[in-house]
Amino acid sequence: MREISIQESKKILFNALAYFDQICRENSINYSLGEGSLLGAVRHKGFIPWDDDIDILMTRADFNRFLTIHKDGIYKIYHVNPDVNYWNSVARLSDTRTAVYLGKSNYSMHGLWLGLTPVDNIPDDDRKWNRMKKRIAFWVRLCRQKKGVIPVDQSIKGKFLKYFFKIVTVDWFDKRFKRIVTAYDSKPTKRMLKLNIRYEPFVFPSIVFDGYTELEFEGRKFMAIKHYDDYLKLMYGDYMTPPPEKDRIAKHDFRAFYKY
């Protein structure tokens, strides 16, 4: 297999974004460029020069609609897959013609990807939110232990967990996790929650998702939240000022290859 350069990977990701955008527009599904991709669109009108992925934000309703409508082909969705013990709150729309090896791993689960992150309403009452946050952390930890990301010790409790993990599937965890994070989605609240790939919570005002606009990204218009300035200030502070030279590095540690 031939290794993919950073510039080649950006072209592959841009094509995946164009495909994703077409499916969404054809089916009246809203989305927004997110995180570094949103910042890149505003500050660079495209990729941040040292960035190596594309992030997407979606309300839970639009996220679920896309998962239902999308049919795997060249681009495949990775979200909940019991066959390979894969689960994450962030879905990945992956190019199946490529293979990605994370860190020092010699195993590739998927190819270059777009990260599709759903956002959910959370209660305005801080006590209810703190309880919700603890429940999220509990289920995420259990699921990560099942996946082997967090080790289980040899205590009686640890032995019980190992037996328990052999019985339950990642689907079982996913259903219970979603019950918690979507509990307030049908209610108007003033705050919303985004969990990143590491399950770290980021809370922001619901007004941020009050409408959409378009921003230029690599010469083409893509959808973005109308209040992107508020969101980026919360995420990065003075986001229009690039970081020091020493911090201009890719955030992911992986190698990508063409399969053919």
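Here, every reference points to the structure presented above.
An account of the accompanying structure is given in this report. Remember, it's a predicted structure, so these values are computed and weren't measured experimentally.

Analysis parameters
- Residues numbered from 1 in each chain as written.
- Predicted model: local features only at pLDDT ≥ 70, side-chain atom pairs only at ≥ 80, totals over all residues.
- Heavy atoms only, no water.
- Helix = DSSP H or I, 4+ residues; strand = E, 2+ residues; numbered from the N terminus.
- 1 Å grid on protein atoms, 1.4 Å probe; cavity = no way out; pocket = protein on both sides within 12 Å on 5 of 7 lines; lining within 4 Å.
- Points joined across faces, edges and corners; volume = space filled by probe spheres on them.
- Nonpolar A, V, L, I, M, F, W, Y, C, P; charged D, E, K, R; others polar.
- Buried < 20%, exposed > 50% of the residue type's maximum accessible area, 1.4 Å probe, protein only.
- Lys, Arg positive; Asp, Glu negative; His and termini not counted.
- Salt bridge = Lys/Arg side-chain N within 4 Å of Asp/Glu carboxyl O.
- Contact = heavy atoms within 4.5 Å.
- Pairing = 2+ DSSP bridges.
- Polar contact = N/O pair within 3.5 Å; in protein donor to acceptor, adjacent residues only side chain to side chain.
- Phe/Tyr/Trp six-rings, centres within 6.5 Å; stacked < 30°, edge-to-face > 60°.
- Lys NZ or Arg CZ within 6 Å of the ring centre and 35° of its normal.

**Points about the environment of K146**
At step 1: Residue placement: K146 occurs in helix 4 (residues 126-147).
At step 2: Considered as a pair, K146 and T169 are 23 residues apart in the sequence and their alpha carbons are 8.8 Å apart.

**Some words on empty space enclosed by the protein**
At step 1: Following the criterion strictly, the structure yields one cavity of 30 Å³ or more and no others.
At step 2: Looking at the largest cavity, its volume works out to about 50 Å³.
At step 3: Looking at the lining of the largest cavity, the elements with two or more residues in it are strand 6 (113-122), helix 6 (170-181) and strand 7 (191-195).
At step 4: Per-element accounting of the lining of the largest cavity gives the leading share, three residues, to strand 7.
At step 5: Of the residues contributing to the lining of the largest cavity, the split by class is five nonpolar, one polar and three charged.

**Structural notes on the side chain of R92**
At step 1: You can see R92 is positioned in strand 4 (residues 86-95).
At step 2: No salt bridge is formed by the buried R92. Its closest oppositely charged neighbour is D53, at 7.3 Å.
At step 3: Apart from the residues within four sequence positions on either side, R92 is in contact with K76, I77, Y78, Y86, L102, H110, W113, L114 and I197.

**Concerning the pairing of strand 7**
Moving residue by residue along a regular strand, the side chains alternate between the two faces of the sheet.
At step 1: Counted residue by residue, strand 7 has five buried out of five residues, so it is predominantly covered.
At step 2: With burial as the criterion, each face of strand 7 is covered, one bearing R191, L193 and L195 and the other bearing M192 and K194.
At step 3: The pairing of strand 6 with strand 7 spans four bridges and is classified as antiparallel. Bridging from a neighbouring strand, I122 pairs with R191 of strand 7.
At step 4: Judged from the five bridges that link them, strand 7 and strand 8 (residues 201-205) form a sheet pairing that is antiparallel. When the sheet's bridge partners are listed, L195 is paired in strand 8 with P201.

**Some words on the pattern of salt bridges**
At step 1: Applying the stated criterion across every chain yields a total of 11 salt bridges.
At step 2: A salt bridge links D21 to R25; the shortest N-O distance between them is 2.8 Å. Of this pair, D21 and R25 both sit in helix 1 (residues 6-26), four residues apart, which is roughly one turn of the helix.
At step 3: Residue D21 is classed as buried on the basis of its relative accessible area of 2%.
At step 4: Assessed through its relative accessible area of 38%, R25 is described here as partly exposed.

**Overview of the side chain of S9**
At step 1: The topology assignment puts S9 in helix 1.
At step 2: Among the polar contacts listed, one links the side chain of S9 to the backbone oxygen of I6, at a separation of 2.6 Å.
At step 3: With residues up to four places along the chain from it excluded, the contact list for S9 reads I4 and L112.

**Details of the packing of aromatic side chains**
At step 1: On inspection of all chains with the given rule, the structure shows 22 aromatic pairs.
At step 2: On the basis of an interplanar angle of 50 degrees and a centroid distance of 5.9 Å, the ring pair of F164 and F165 is categorised as tilted.
At step 3: The class for F165 is buried, based on a relative accessible area of 8%.
At step 4: Between F209 and Y212, the ring centres sit 6.2 Å apart and the planes meet at 80 degrees, which makes this aromatic pair edge-to-face.
At step 5: In this structure F209 comes out as buried when scored by relative accessible area, which is 10%.
At step 6: Linked through ring pairs, F138, W139, F160, F164, F165, W172 and F173 together constitute an aromatic cluster.
At step 7: Positioned above the aromatic ring of W113 is the side chain of R92, whose terminal nitrogen or guanidinium carbon lies 4.0 Å from the ring centre.
At step 8: The ring of Y184 carries K187 above its face, with NZ or CZ at 4.7 Å from the centroid.

**Points about the layout of surface pockets**
At step 1: Approximately 620 Å³ is the volume attributed to the largest pocket.
At step 2: For the largest pocket, the lining is made up of 21 residues, of which Y86, N88, R92, L102 and K147 are closest to its centre.
At step 3: Of all the secondary structure elements, the ones that give two or more residues to the lining of the largest pocket are strand 4, strand 5 (98-102) and helix 4.
At step 4: If one sorts the elements of the lining of the largest pocket by residue count, strand 4 sits on top with three residues.
At step 5: Across the lining of the largest pocket, the residue classes tally to 10 nonpolar, five polar and six charged.

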